[in-house]
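# Structural description and commentary
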Amino acid sequence: MQVSDAKAKDAKSEWEKIDGVSDGEAQLAKYFSVCDIWKESVHKIITKTEYQTPIYLQAYSMMHSEFLHSIDNLFGTCYIWQKRYFDRMGIDQRVIDAYGELCEKSTSGVMEWMDAYANYKKFQADLAIDYMKIGNNYLHWWIDMYGKTVSFWNF
């Protein structure tokens, strides 16, 4: 069975039917390569992440502040009741002073540990940033060498 020339002209391949590719209908390309698609996609995701990071940090900061405020409020609210309770016990002033010194030393120790931990986390972040910069420089060097090698082959 033979197909006539008229039928052959009407029969379009599957690929020619997609989005007006047939009959010489030229369309302007939105992307010039797969790399353009990847670059645009990654750029969109990175931009969105940069935009939303402050939102996440602010939400966490607000939640953390409210948590700390609640604890402070708990002790502040209980202060009146506790003061009446401990004042009625008739505790000697020297015992109260000694306990106050012990609490000050403990508080000072905790604050020193908090400073040490904050400095450690800053050091850790600085180190991670330095390693990312080194990795980025190495990646640029590697891609440059790869590009030179591929261009030397002259496809």
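Residues numbered from 1 in each chain as written. Predicted model: local features only at pLDDT ≥ 70, side-chain atom pairs only at ≥ 80, totals over all residues. Heavy atoms only, no water.

Our next topic: the overall build of the protein chain. When helices and strands are counted, the protein chain shows four helices and zero strands. The order of helices and strands in the protein chain, counted from the N terminus, is α-α-α-α. By the burial criterion, 1% of the 155 residues in the protein chain qualify as buried. Of the accessible surface of the protein chain, which amounts to about 15400 Å², a share of 64% is contributed by carbon and sulfur atoms. (Helix = DSSP H or I, 4+ residues; strand = E, 2+ residues; numbered from the N terminus. Buried < 20%, exposed > 50% of the residue type's maximum accessible area, 1.4 Å probe, protein only. Areas by Shrake-Rupley, 256 points an atom, 1.4 Å probe, with all protein chains shown as cover.)

What follows is about helix α3 (residues 34–89). Given a rise of 1.5 Å per residue, 56 residues ought to cover 82 Å, and the 79 Å separating the end C-alpha atoms of α3 matches this to within 8%. At Tyr79, α3 shows its strongest bend, of approximately 45 degrees. For α3, the side-chain oxygen to backbone nitrogen distance between the N-cap and Cys35 is 3.3 Å, and the N-cap itself is Ser33. Positioned one or two residues after α3, Gly90 has a phi angle of 70 degrees, which is positive. (Expected span 1.5 Å × (residues − 1). Bend = angle between axes of the 7 residues up to and from the residue. Polar contact = N/O pair within 3.5 Å; in protein donor to acceptor, adjacent residues only side chain to side chain.)

Right, let's get into a nonpolar patch on the surface. A cluster of nonpolar residues, Trp81, Tyr85, Phe86, Met89, Ile91, Val95 and Ile96, forms a patch on the protein surface that exposes about 710 Å² of accessible area. Of all elements in the fold, only α3 and α4 (93–153) reach the threshold of two or more residues within the nonpolar patch. In terms of residue count, the dominant contributor to the nonpolar patch is α3 (four residues). Residue position: Met89 is located in helix α3. (Patch = residues over 30% accessible without salt bridge, like charges linked within 9 Å, V, L, I, M, F, W, Y side chains within 5 Å. Salt bridge = Lys/Arg side-chain N within 4 Å of Asp/Glu carboxyl O.)

Turning to the confidence of the model for the protein chain, a few remarks are in order. Mean pLDDT over the protein chain stands at 83; residues scoring 70 or higher make up 80%. Mean pLDDT across the secondary structure elements of the protein chain bottoms out at helix α2 (residues 14–17), with 50, and peaks at α4, with 94. (pLDDT = per-residue confidence, 0-100.)

Summed over the entire model, instances satisfying the criterion amount to five salt bridges. Two residues, Lys83 and Asp87, come together in a salt bridge whose shortest N-O distance is 3.1 Å. Residue Lys83 and its partner Asp87 are both found in helix α3; the two are separated by four residues, about one turn of the helix. Look at Lys83 and you get partly exposed, because its relative accessible area is 39%.

For the largest pocket, the calculated volume is near 290 Å³. Residue lining of the largest pocket: Tyr79, Gln82, Lys83, Phe86, Asp87, Ile91, Val95, Ile96 and Tyr99, and that is the complete set. If you list the elements that add at least two residues to the lining of the largest pocket, you get α3 and α4. The biggest single contributor to the lining of the largest pocket is α3, with five residues. When the residues that make up the lining of the largest pocket are grouped by side-chain class, the tally is six nonpolar, one polar and two charged. (1 Å grid on protein atoms, 1.4 Å probe; cavity = no way out; pocket = protein on both sides within 12 Å on 5 of 7 lines; lining within 4 Å. Points joined across faces, edges and corners; volume = space filled by probe spheres on them. Nonpolar A, V, L, I, M, F, W, Y, C, P; charged D, E, K, R; others polar.)

Once that is clear, we can look at α4. In an α-helix, one full turn covers 3.6 residues, which means residues spaced three or four apart are oriented alike. Taking 1.5 Å as the rise per residue, α4 with 61 residues should run 90 Å; its terminal C-alpha atoms sit 89 Å apart, in good agreement. Capping the start of α4 is the job of one residue whose side-chain oxygen sits 2.9 Å from the backbone nitrogen of Arg94: Asp92.

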